[in-house]
Amino acid sequence: MKRLLATVACCLVALGSVAPALADVASLEVTVADPFISLHTGPGRGYPVSVVVARGERVEVLKRRTDWFKVRDARGREGWVHRDEMALTLADDGAPPPIEDAGRSDFVEHRRELGVLFGDFGGANVISAYGAYALNPQLAANLTLSHVVGN
């Protein structure tokens, strides 16, 4: 099992080094215009609210995961804010922040993908690592490694 994990790790590092580096995304700072925004501990409504940021305070947007934004307030506290609440904030120019919806091209035109899967396959434990790189819109190179433990 240790040998498999070492092999998977080496493959993922190799695939990551071949793929071009991700572009740095400039962070956005916004001001809370609603009475408050709620910062959740994770990107989902099921996560509890950990911090409430009041009107007039600024938050820095760190990253986005679907409709959730990870933000940091002036005191360094971090949390996740839903898109609906982010729409109630103001950018430096006094307008709502530019929140773009993901389009079909955002999903179709990506060039690389990495992942790890694990679970139960007919009563046996399985772990898989995969990687893919699109050479052009019609041709991609894929690599999958799996290890099944059990009968």
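Source: prediction; values computed, not measured.

Moving on: the overall build of the protein chain. For the protein chain, the count of helices and strands is three helices and ten strands. Expressed as a percentage of its 151 residues, the buried residues of the protein chain come to 23%. Long-range pairs, those at least 24 residues apart, make up 40% of the contacts in the protein chain between residues at least 6 apart in sequence. Working note: accessible area of the protein chain is about 10,400 Å², and carbon and sulfur atoms make up 57% of it.

Moving on: the sheet that holds strand β8 (residues 112-121). What the three strands build is an open sheet, ordered β8-β9-β10; its pairing is antiparallel. The open sheet terminates on both sides in strands that have one partner only, identified here as β8 and β10 (139-149). Strand-to-strand twist in this sheet, taken as the mean axis angle between neighbours without regard to direction, amounts to 15°. Looking at chain direction, β8 and strand β9 (residues 124-136) are connected through ten bridges and run antiparallel. From the neighbouring strand, G115 faces β9, where its bridge partner is Y130.

Okay, the nonpolar core next. In globular proteins that are soluble, nonpolar side chains generally tend to be buried together. In this structure, V30, V32, I37, L39, V51, V53, V59, V61, F69, V71, V81 and M86 together form the largest nonpolar core, which totals twelve residues. If you list the elements that add at least two residues to this core, you get β1 (28-32), β2 (36-40), β3 (49-54), β4 (58-65) and β5 (68-73). Those residues within four positions of V51 in sequence are excluded, and the remaining contacts are I37, S38, L39, D73 and R77.

This brings us to a nonpolar patch on the surface. Where nonpolar side chains cluster on the molecular surface, the patch consists of F36, V49 and V52 and spans about 260 Å² of accessible area. When you line up the elements, F36 lands in strand β2.

Here we take up the pattern of salt bridges. For the structure shown, the criterion picks out nine salt bridges. Salt-bridge contacts for D67 lead to R64; the nearest nitrogen and oxygen are separated by 3.8 Å. A residue is classified by how much of its surface remains accessible, and D67, at 34% relative accessible area, is partly exposed. For R64, a relative accessible area of 33% translates into the label partly exposed. The shortest N-O distance in the salt bridge between R77 and D73 comes to 2.7 Å. By relative accessible area, which is 4% here, D73 ends up buried. Each of E60, K70, R72 and E78 takes part in a single network of salt bridges with overlapping partners.

Moving on: the pairing of strand β6 (residues 78-82). Summarising burial for β6: four of the five residues are buried, a large majority. Of the pairings in the sheet, the one linking β5 to β6 comprises five bridges and is antiparallel in character. For R72, the partnering residue across the bridge sits in β6 and is E78. Counted along the chain from β5 to the antiparallel partner β6, the turn is four residues long, and its residue G76 has a positive phi close to 90°.

What follows deals with the side chain of S38. With respect to the helices and strands, the residue S38 is situated in strand β2. Apart from the residues within four sequence positions on either side, S38 is in contact with V49, V51, W80, V81 and E85.

What counts, and at which threshold
Residues numbered from 1 in each chain as written. Predicted model: local features only at pLDDT ≥ 70, side-chain atom pairs only at ≥ 80, totals over all residues. Heavy atoms only, no water. Helix = DSSP H or I, 4+ residues; strand = E, 2+ residues; numbered from the N terminus. Buried < 20%, exposed > 50% of the residue type's maximum accessible area, 1.4 Å probe, protein only. Contact = heavy atoms within 4.5 Å. Areas by Shrake-Rupley, 256 points an atom, 1.4 Å probe, with all protein chains shown as cover. Pairing = 2+ DSSP bridges. Axes fitted to C-alpha atoms, helices over the stretch in contact; angles between N-to-C directions. Core = buried A, V, L, I, M, F, W, Y, C linked by side-chain atoms within 4.5 Å. Patch = residues over 30% accessible without salt bridge, like charges linked within 9 Å, V, L, I, M, F, W, Y side chains within 5 Å. Salt bridge = Lys/Arg side-chain N within 4 Å of Asp/Glu carboxyl O.

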